[in-house]
Amino acid sequence: MSVQSEQTTTKEAPPLGRQRAFDTSFVILLVIAIAAATGVAWLHGPGRVVEIMARYLGFLLVLSPKILCGFFVAAAVPILIPREVITRWVGQGSGTRGLAMASLAGALVPGGPMMIFPLAAGFRAAGASTAVLISFVTAWSLYGLNRTVIWEMSFLPIDFVLARVAICLPVPFLLGWLAQKVMR
């Protein structure tokens, strides 16, 4: 394989939004965490703070492999799917078709937040519009098929689940449409 053909087939993923570790959202979370730790230490002693930190460090170790897989998916999307395809189907000009596809995809794509949010970031880096991503994430939040079938239908009456889904059905599309109008 020649150097030229190797260069044209290897693409690097575009950056995924913010790259700084200490941005505004981190500072806000840090202040809240320090305030919470101070409150726990004051009410229950510093030993309780250490106990909480140790317990959730274990949770972080269990969650880390899933987060890393989600990051890999986010990095792979812009490499595996050509930008032209993404922008045509779910980019700025995709209109109602893009919103409908994103709403359907959000309902059907299985996985928790460690998969959905990196996937949305990957599609954003590949050229998906903000309105489409709003529809995608909202659909996943409101009526992910996996969660609805396995959890809701197992614990709640079917008429309740069907009514909730029917009421929520247009919401992701409408929020994406509203985002299109507001962002013009």
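Every chain is numbered on its own, with residues counted from 1 as its sequence reads. Only residues with pLDDT of at least 70 are given local features in this predicted model, and only at 80 or more are side-chain atom pairs given and counted; all residues enter the totals for whole chains, interfaces and linings. Hydrogens and water are ignored here; the side-chain numbers use all heavy atoms of the structure.

This part covers helix α2 (residues 24-44). Segments assigned H or I by DSSP are reported as helices when at least four residues long, segments assigned E as strands when at least two residues long, and all are numbered from the N terminus. How far a helix is expected to stretch is found by multiplying one less than its residue total by 1.5 Å. Taking 1.5 Å as the rise per residue, α2 with 21 residues should run 30 Å; its terminal C-alpha atoms sit 30 Å apart, in good agreement. Where α2 terminates, the next one or two residues include G45, which has phi positive at roughly 95°.

Our next topic: the packing of helix α5 (residues 95-108) against helix α10 (residues 171-182). Relative to each other, α5 and α10 sit at 140°, their axes nearing to 9 Å. Overall, the two elements α5 and α10 adopt an arrangement that is oblique. For the pair α5 and α10, the sense of crossing is right-handed. Counted together, G95, T96, L99, A100 and S103 of α5 and P172, F173, G176, W177 and Q180 of α10 form the full contact between these two elements. Note that Gly is not counted as nonpolar here; it falls among the polar residues with everything else outside the nonpolar set of Ala, Val, Leu, Ile, Met, Phe, Trp, Tyr, Cys and Pro and the charged set of Asp, Glu, Lys and Arg. A breakdown of the residues in the contact of α5 with α10 according to their chemical character gives five nonpolar, five polar and no charged. An axis is simply a line fitted to the C-alpha atoms; with a helix, the fit covers only the stretch in contact. Between two such axes, the angle follows the N-to-C directions and lies from 0 to 180 degrees. By definition in this entry, angles of less than 35 degrees are roughly parallel, angles greater than 145 are roughly antiparallel, angles of 65 to 115 are roughly perpendicular, and the rest are oblique. For any pair of crossing helices, the crossing counts as left-handed if the nearer helix is rotated counterclockwise from the farther one by less than a right angle, and right-handed if it is rotated clockwise. Contact criterion: two residues are considered in contact whenever any of their non-hydrogen atoms come within 4.5 Å of each other.

Turning our attention to helix α9 (residues 158-168). Each turn of an α-helix holds 3.6 residues, which means side chains three or four residues apart point in the same direction. Among all positions of α9, only V161, R164 and C168 are buried. Looking down the long axis of α9, one finds its buried residues gathered within 65° of arc, a one-sided arrangement. Residues D159 and I167 are exposed on α9 and point more than 90 degrees away from its buried face. Residue exposure (1.4 Å probe, protein chains only): buried if accessible area is under 20% of the type maximum, exposed if over 50%, otherwise partly exposed. Relevant arc is that of directions from the helix axis to the C-beta atoms, nothing else.

Turning to the side chain of R164, a few remarks are in order. Relative to the elements of secondary structure, R164 occurs in helix α9. Within 3.5 Å is the distance limit for a polar contact, defined as a pair of N or O atoms, with the added protein rule that one can donate a hydrogen and the other accept it, and that residues adjacent in sequence qualify only through two side-chain atoms. A polar contact is formed between the side chain of R164 and the backbone oxygen of L142, at a distance of 2.6 Å. Beyond its immediate sequence surroundings of up to four residues, R164 is in contact with L142, Y143, T148 and E152.

Right, let's talk about the side chain of S94 for a bit. With respect to the helices and strands, S94 occurs in the loop between α4 (83-90) and α5. At 2.7 Å, the side chain of S94 forms a polar contact with the backbone oxygen of G91. Setting aside its immediate chain neighbours within four residues, S94 contacts R88, W89 and V132.

What follows concerns the pattern of salt bridges. Salt bridges are counted wherever a side-chain nitrogen of Lys or Arg sits within 4 Å of a carboxyl oxygen of Asp or Glu. Counted according to the given criterion, the structure contains three salt bridges. Salt-bridge contacts for E51 lead to R55; the nearest nitrogen and oxygen are separated by 3.9 Å. Note that E51 and R55 are positioned in helix α3 (residues 46-80) at a spacing of four residues, about one turn of the helix. R164 is paired through a salt bridge with E152; the nearest N and O atoms lie 2.6 Å apart. One end of the pair, R164, is in helix α9; the other, E152, is in helix α8 (residues 145-155), and twelve residues separate them in sequence. Assigned by exposure class, R164 and E152 land together as buried. Put simply, R48, E51 and R55 are held in one network by salt bridges that share partners.

So, about the packing of aromatic side chains. Note on ring pairs: Phe, Tyr and Trp rings are taken, using the six-membered ring of Trp, and paired if centres are within 6.5 Å. Classes follow the plane angle, with under 30 degrees stacked, over 60 edge-to-face and the rest tilted. Scanning the model with the defined rule gives four aromatic pairs in all. Ring plane angle 75° and centroid distance 4.9 Å describe the contact between F22 and F26, whose orientation is recorded as edge-to-face. Looking at F22, the relative accessible area reads 63%, which means it is exposed. On the accessibility criterion, F26 (30% relative accessible area) is partly exposed. A ring pair is formed by F117 and W140, whose centres lie 5.5 Å apart and whose planes are at 75°; its orientation type is edge-to-face. Residue F117 is located in helix α6 (residues 113-126), and its partner W140 is located in helix α7 (residues 130-143); the two are separated by 23 residues in the primary sequence. Overall, F117 belongs to the partly exposed group, its relative accessible area being 42%. With relative accessibility at 9%, the residue W140 sits in the buried group. Charge-over-ring placement is defined geometrically: NZ (Lys) or CZ (Arg) within 6 Å of the ring centre, and within 35 degrees of the ring normal. Over the face of the ring belonging to W89 we find R97, whose NZ or CZ atom lies 4.8 Å from the ring centre. Above the face of the W140 ring, R147 is positioned so that its terminal group lies 5.2 Å from the ring centre.

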